[in-house]
4 protein chains.
Amino acid sequence: MQYDLIIANGQVVTPEATFRAAVLVKEGKVAGFVSGDALPPARETYDASGLYVLPGLIDIHVHFRDPGLTYKEDFGTGSLAAAYGGITTVVDMPNVNPPTATVEAFQLKLAEASKKSYVDFGIVGVVFEENIGEIEKLADAGVVGFKIFMGETVGKLPAPSDGGIIEAMKVIARTGLRVGVHAENNQILRYYTEKLKAAGRTDPVAHVEGRPNIAEAECIARAIMFAEHAGAKLHIYHMSSREGVDLVAAAKRRGVDVSAETGPHYLLLDYTHMHKVGSMLKMNPPVRAKEDQQRLWEGLLDGTIEAVATDHSPHTLEEKLKDNIWEAIPGFCGVETSVPLMLTEVNKGRMTLNHYVKVASEGPARLFNMYPQKGCLRIGSDADFTIVDMNREGVIKAEALHSKSKVTPFDGFQVKGMPVSTIVRGKFVVRDGKLVGGPFGQLVRPVR
Amino acid sequence: MQYDLIIANGQVVTPEATFRAAVLVKEGKVAGFVSGDALPPARETYDASGLYVLPGLIDIHVHFRDPGLTYKEDFGTGSLAAAYGGITTVVDMPNVNPPTATVEAFQLKLAEASKKSYVDFGIVGVVFEENIGEIEKLADAGVVGFKIFMGETVGKLPAPSDGGIIEAMKVIARTGLRVGVHAENNQILRYYTEKLKAAGRTDPVAHVEGRPNIAEAECIARAIMFAEHAGAKLHIYHMSSREGVDLVAAAKRRGVDVSAETGPHYLLLDYTHMHKVGSMLKMNPPVRAKEDQQRLWEGLLDGTIEAVATDHSPHTLEEKLKDNIWEAIPGFCGVETSVPLMLTEVNKGRMTLNHYVKVASEGPARLFNMYPQKGCLRIGSDADFTIVDMNREGVIKAEALHSKSKVTPFDGFQVKGMPVSTIVRGKFVVRDGKLVGGPFGQLVRPVR
Amino acid sequence: MQYDLIIANGQVVTPEATFRAAVLVKEGKVAGFVSGDALPPARETYDASGLYVLPGLIDIHVHFRDPGLTYKEDFGTGSLAAAYGGITTVVDMPNVNPPTATVEAFQLKLAEASKKSYVDFGIVGVVFEENIGEIEKLADAGVVGFKIFMGETVGKLPAPSDGGIIEAMKVIARTGLRVGVHAENNQILRYYTEKLKAAGRTDPVAHVEGRPNIAEAECIARAIMFAEHAGAKLHIYHMSSREGVDLVAAAKRRGVDVSAETGPHYLLLDYTHMHKVGSMLKMNPPVRAKEDQQRLWEGLLDGTIEAVATDHSPHTLEEKLKDNIWEAIPGFCGVETSVPLMLTEVNKGRMTLNHYVKVASEGPARLFNMYPQKGCLRIGSDADFTIVDMNREGVIKAEALHSKSKVTPFDGFQVKGMPVSTIVRGKFVVRDGKLVGGPFGQLVRPVR
Amino acid sequence: MQYDLIIANGQVVTPEATFRAAVLVKEGKVAGFVSGDALPPARETYDASGLYVLPGLIDIHVHFRDPGLTYKEDFGTGSLAAAYGGITTVVDMPNVNPPTATVEAFQLKLAEASKKSYVDFGIVGVVFEENIGEIEKLADAGVVGFKIFMGETVGKLPAPSDGGIIEAMKVIARTGLRVGVHAENNQILRYYTEKLKAAGRTDPVAHVEGRPNIAEAECIARAIMFAEHAGAKLHIYHMSSREGVDLVAAAKRRGVDVSAETGPHYLLLDYTHMHKVGSMLKMNPPVRAKEDQQRLWEGLLDGTIEAVATDHSPHTLEEKLKDNIWEAIPGFCGVETSVPLMLTEVNKGRMTLNHYVKVASEGPARLFNMYPQKGCLRIGSDADFTIVDMNREGVIKAEALHSKSKVTPFDGFQVKGMPVSTIVRGKFVVRDGKLVGGPFGQLVRPVR
């Protein structure tokens, strides 16, 4: 049999092991693994000598802004940045215009993404109190999960009441999909923010002080209580606080199906970095103290946190760069910088490459029911690969990002360990650092 | 030396022991205890043969409606009912008109109560977001504690935001006083109530279904988290759910200073009693299921719940009796019926008389910093006594209540074990069932 | 009525409160408390101005060596030391000759003690595998509890097997009495001791190293497991290790009825004191590290440890003072020095006098079913008082001890806070530091 | 490239997944997996159509009696039974003659096994107090772990004291190997057994009563405490009690590295089966009650128990069949019956085939440091396979066992799901139910 593609001579990395093997691809699927130098015939062979072959890495938290906010980003630019960043699948957030709250809005986004995306993508539906009746239809249409904004942190989207959250969770529980929450207690944020404004504060750190740890902690505790009550599978988006890690760990111990993600900014930066980059680092929830960073690493290593995700939130520089921190918009890019930043940490010995594969591919895929189509190197799985060179060094440059937005707090960061080739369903998107294919991204439908 | 009063021949009951002794009173204080039949000289001797002498019982949760809502009750009628019911000290709630949110309002209530009250009284201040600046002044003025309505359950009072609650708790923590919360999550109540209304439900049980256990549980969990964060001493008013008991017990185990009360209606009735008495039993939080009742008893016996209190909430029959449950006002009388109802349980063997003294006198006094002036039989303490006849039987009759309000779900209940004499600071208010003194009630100032 | 004795003008101390009152005594019992200066008539009045009146203090762990080992101590000398030390009741250990393993042996000891004792006393029975059949008879004869030596630490007494311990505990459970254990794992002691001997060690600290914490910890864990299995009330004698505190605290949290005592030597000394006093401090279990001392204090203050007891173990100086630590006999005097040593700690602010009364009188009385005859100041209780002067200073001198044995590691210790008068059932044994009465000690029979 | 062997057309089963693939073998190792029908060239292809290809199953607890007790079994007959039973690797116990307590004894057993064994094998060393000095040498020689008999349950082997166990564990901790314990408290067994004998009991169930749950529970608790103290990795052999599951689960939660195994007899039988098969079922520890069975299943499914192992203990029928239960020897065969019995449970839906692979291959290999040479299907791992037909039915017959011993309590049991082929390092031992190769078993050396 002739294979379509063979990735030869690389070190294959799974959460459990690293071993030398050639990976065989046929019709977009993994078709086999063989050791040894004698390879079966193939239309194309990629020599991965000196490189590591990872299952395609997944970013479960991106805002590609399509449709409606495409002046910040669109599915084409966002997914191009993903591909350059070594990400083969993204999960896109629903707070766009129209919000992904109905099957119609889902189809609208799907149409745009199907035209433009360089990588595969899952779509998350949003739930407010008014569209609880849409949940099952959205699930049938193909969302991989749901998101609830607990509190009106995003402004435009109406937040459901606690009663609505419980009821929504009960309905979501029946779909077999996971519901993620933006967990910040709005009343606490607003209270402290108003106090700081009243005191005349406009400096960047005031934003952090206005969103104290208790605001996240309370909201995570409440979300867990509701999910436990409703029997729903819960995900904590962008967990940033030490208290969050403790709460999620305790809930897991008593058997609650709760998962969590954190991002490179929470793992690598703390709020003092604002003194250097100012409003560029404004994010909700904010980057916090060293103690939080430390506890997040512990949680990432001990299994409390299942996923690294970026909350890729592109904005224009005009929206972002303000002298008065309250006027700056929160969020920044992440999908293109996450892999090199995290590989750099692997090189520093903070985690194994195997564990990184677990939190950047397997974990994310499992949480949003994309496993084993995505998230693993297994015969029959999609032939998605992120091929990385652990010795390549570089510097992150804001202006070089492929996103429409050039906003990143990591500008100038040295990295060691970079993605070189990105393969989606057996086809190269990026090969040895150059764009060679696409856009041919497809929707990932969840296993239910 | 001549004593003012000797209570002779009775069985003295403390949380630790029951023993035969004469209690000596001088100048309104307990001046001694002596055994034996030879008694020192006294102006007056009360023969308590066959009776039990309890430290004055305390109801830490009454609404005497003064000032502003005196068509329902006033401090005169309320405290008269208390005296007949064997209660020597009450703690009055602040949701009156004007609410007890300022020193001026406190003084207004104090003036009324000082004129009219038959029993001693503590006053609780209310905290909203707007009067956080009054907290320390109220403490200096003499409140025994604070109350926060978490959510706008009472309608007229503006509820503080979660940020305001945290901030208020931080300030209260500095006063050394306890903050009690009405813990029901408003958003959940409203969501389910609206659903039931939309479904056309108007029957009494719909009120219970509209306030599910999770509404109380979530709010208690949140209050505990905030109090722990703020370092405040927390009290859970009218705890009604099994989940509440579990949460309070767990918080105590990890060292949080949280206390709880429950009431005779939660201990003796369940929601099915609504089929008999309809809207008469409407209460917030509602009387729940047998399983909740059972868990509350466990909590009362194992120390998780420190106090029995009635939430005495008088209303007119017109406000109360409605065919449509949503139109009926929540609340009913309790201060006069609590002691005989609970003594009946003692007679049934559900708890010892000693333990009842603990939860009806010592516990309440300790929680609101009135101990050891109140809440114990100790030399130097106030000579407050509730003298009870454990063999006397009777029937609770709504029309016989001394409150302005004749609203009780216990009408027709058989009791065995009744208060016969109520003594406040050495002076009889009720003697052998008849009013003989008062009004001479005084404010109890907290130990700080 | 004329009282036999009035203790006037003192500060009465209970676990809950300190208050000024005169204590009335009639026929050996507490007959009343009165405040004020006008006192009822009495045959005798003791002016306790400037002094504290404590309920008679209790030492639940003494070895008075009667019968059979009276060259070390007898009930006369031991109880005289107790009386001088402010102890009104002792509980005597059973490892004498014959051991208190039968009703006959119990009667033998009772006869000696009744003749000689200056203070009241409880007697503990010993259980080996062979006398399980005697347990109920001993209970009927009047022991206040049982002791099991887990392992042959005392040499002569045959230790029961683990099977025998379980079975004995099941039988003891039926008596309503508590079983205390000497908890050291013999196999571990012997293993490490042999290793140290083989290595040529003969210095005092080798004794400590030969009995590592794990030896006590394992044995306490096992005793708790067996008591929980058997439904027996368990007491841990002379707890010395931090691990012990943790184990007892955890068992209490899950509802096991386990109590513990520790002694002044564990609270005030650590093993480095051996460098000063050598074999004088040899004790089983040994005095350990500062960390253990710290954790024992925590346990004493938080209720994990209910009693301070001395393990008063008199020996001759010949038995005690040896160059080779293995040849010295373990144990030293404690009953006379405990109160001043602990009052000194009270004066330093390490605990309140109220809490000391709890762990030195109420707690001990409750554990061995002597409460409320002993252990409290309550009408009807025995008129046992320890009257202390918190300002009196002194120095502990070995040669001044009233025990036959002059062995103490505390020789030369400065104290502040000393017992001045010891009253047993209304009669002075020691008055203002001088022996004035006795011997008239009686057996305390347990409440069952 | 030509492969040595291809297992084609089967369903490959790992703990994580089941997928159709051909497994490629070269030089005794797994060399690849390919999907599709077109296969690379191979010297031999096995058609596994309709069959499941499992990683070679491992029995970590067998007594092959070599050397010294070969009248019961030898490595040839035992390993033949293993091969017929679908087991590709065994771990052999050390209580033979001479016991595997020295390098010499290890070499003696290794020589015999290397000559006779049909399957690969690990060897466990035994530790008494006397051979603690041999531990590191045994580790260097190649044992995969150590065993301590806590108590003299086996009679001939001297049990180490608790001190010796602690010391041995400290030394073993340094080797990186795991120490397993036979956990029964000897003193409890002996006590209750003597009582039953004294009462004249000789019936089979008396054996169970003489070894109550507390005997195992106490010993497991103690072993865990010692291992935690010593920093050793602990294994609980043949766990049989519900208390054991609770203790191991609690220890894991607090981070102790403790593992456990249970056997088919504990999972499928309870003590009432003794009424049918009498002394045939005598085993130490005994088969217990339904409640224990239930809890063991829970532990097996939730990860508390990592391994199914048989404690294969062959004896002659003469040793085994006795009217007086005390005269019968404990133990019976297991290595040949385990796989069909457990596959029958898989077919009943009690666990997935994937989970069975986890507890019968991956778990066992990991515990004794044989992973990933054994215990997984991974490129580079040994090409050990157990090929099973989940539809094949059969009946277990004692006389048909390939062991020297024909002792089994499962005689007559119906099974569905049977091993058909057993492949060790790429070579068939049993092919389609017939012996076709061997003996060529080799020692498995641990990864350290």
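Residues numbered from 1 in each chain as written. Chains lettered and ligands numbered in written order. Predicted model: local features only at pLDDT ≥ 70, side-chain atom pairs only at ≥ 80, totals over all residues. Heavy atoms only, no water.

> Explain the interface of chain B and chain A here, please?
Each partner contributes to the interface: chain B provides 24 residues, whereas chain A provides 24 residues. For the pairing of chain B and chain A, the buried interface totals around 1900 Å² over both sides, and the portion due to carbon and sulfur atoms is 64%. The largest per-residue losses of area from chain B upon contact with chain A belong to Tyr191(B), Ile214(B) and Met225(B), which jointly make up 29% of the total buried on that side. Run the count over chain B and chain A and you get 4 salt bridges. Between Lys195(A) and Glu167(B) there is a salt bridge, with its nearest N and O atoms 2.9 Å apart. On inspection of chain B and its partner chain A, the count reaches 8 residue pairs in polar contact (both at pLDDT 80 or more). Among the elements of the structure, α4 (162-175), α5 (186-198) and α7 (213-230) of chain B are those that each provide at least two residues to the side of chain B that touches chain A. Among the elements that take part in the side of chain B that touches chain A, α7(B) stands out by supplying 8 residues, more than any other. Among the residues forming the side of chain B that touches chain A, the class breakdown is 11 nonpolar, 6 polar and 7 charged. (Contact = heavy atoms within 4.5 Å. Buried area = accessible area lost by both parts, 1.4 Å probe. Salt bridge = Lys/Arg side-chain N within 4 Å of Asp/Glu carboxyl O. Polar contact = N/O pair within 3.5 Å; in protein donor to acceptor, adjacent residues only side chain to side chain. Helix = DSSP H or I, 4+ residues; strand = E, 2+ residues; numbered from the N terminus. Nonpolar A, V, L, I, M, F, W, Y, C, P; charged D, E, K, R; others polar.)

> How should the relation of the copies chain D and chain A be read in this particular structure?
What relates the two chain copies is a rotation about an axis together with a slide along it. Placing chain D over chain A gives an RMSD of 0.0 Å and needs a rotation angle of 179 degrees, together with 0.1 Å of translation along the axis. With respect to symmetry, the two chain copies, as superposed, fit the operation of a two-fold axis. Taking C-alpha positions as the reference, the residue of chain D nearest the rotation axis is Phe33(D), at 2.6 Å. When you check the interface residues of chain D against chain A, 100% turn up at the interface there too, and the contact is symmetric in its surfaces. (Least-squares fit on C-alpha atoms with pLDDT ≥ 70 in both.)

> In this structure, what is going on with the state of the cysteines? I would like to understand it.
In a disulfide, the sulfur atoms of two cysteines are covalently bonded to one another. Per the stated rule, a full pass over the model turns up 0 disulfides over all chains. The cysteine Cys219(D) is free of any disulfide, with Cys219(C) supplying the nearest cysteine sulfur at 14 Å. Here Cys376(D) stays unpaired: no disulfide links it, and the sulfur of Cys376(A), its closest cysteine neighbor, is 17 Å away. The exposure class of Cys376(D) is buried, given its relative accessible area of 10%. (Disulfide = S-S within 2.5 Å. Buried < 20%, exposed > 50% of the residue type's maximum accessible area, 1.4 Å probe, protein only.)

> Could you clarify how one ought to interpret the side chain of His315(C) in this entry?
Residue and element names in this part refer to chain C. Summarising the element assignment, His-315 is placed in the loop between β15 (307-308) and α12 (317-320). On the accessibility criterion, His-315 (5% relative accessible area) is buried. Among the polar contacts made by the side chain of His-315, one reaches the main-chain carbonyl oxygen of Pro-330 at a distance of 2.8 Å.

> Would you explain helix α1 (residues 75-84) of chain D in this entry?
Because the α-helix completes a turn every 3.6 residues, residues three or four places apart line up on one side. Residues and elements named next belong to chain D. Most of α1 is tucked away, with 9 of its 10 residues classed as buried. Taken residue by residue, α1 has Phe-75, Gly-76, Thr-77, Gly-78, Ser-79, Leu-80, Ala-81, Ala-82 and Ala-83 as its buried positions. Buried residues along α1 sit in contact with β9 (87-92), α2 (103-116), β10 (120-126), β17 (414-424), β18 (427-431) and β19 (434-435). Measuring from the backbone nitrogen of Gly-76 back to the side-chain oxygen at the start of α1 gives 2.8 Å, which picks out Asp-74 as the cap. Of the residues trailing α1, Gly-86 is marked for its positive phi of about 85 degrees.

> Please explain the environment of Val171(B) as it appears in this structure.
All names here are of chain B. Mapped onto the elements, Val-171 comes out in helix α4. Its relative accessible area of 10% is what places Val-171 among the buried residues. For the pair Val-171 and Leu-108, spaced 63 residues apart in sequence, the C-alpha separation works out to 24 Å. Apart from the residues lying within four places of it in its own chain, the contact partners of Val-171 are Ile-132, Ile-135 and Glu-136.

> Can you help me understand the packing of aromatic side chains in this one?
The geometry of an aromatic ring pair comes down to the distance between the two centres and the angle between the two planes. Overall, the coordinates contain 20 aromatic pairs over all chains when judged by the stated rule. For the pair Phe64(B) and Phe75(B), a centre-to-centre distance of 5.1 Å together with 90 degrees between the ring planes defines the contact as edge-to-face. Remark: Phe75(B) occurs in helix α1 (residues 75-84) and Phe64(B) occurs in the loop between β8 (57-62) and α1; sequence separation between them is 11 residues. Of the two residues examined, Phe64(B) and Phe75(B), each falls in the buried class. Just above the ring of Tyr371(C) sits the side chain of Arg366(C); from NZ or CZ to the centre is 4.0 Å. (Phe/Tyr/Trp six-rings, centres within 6.5 Å; stacked < 30°, edge-to-face > 60°. Lys NZ or Arg CZ within 6 Å of the ring centre and 35° of its normal.)

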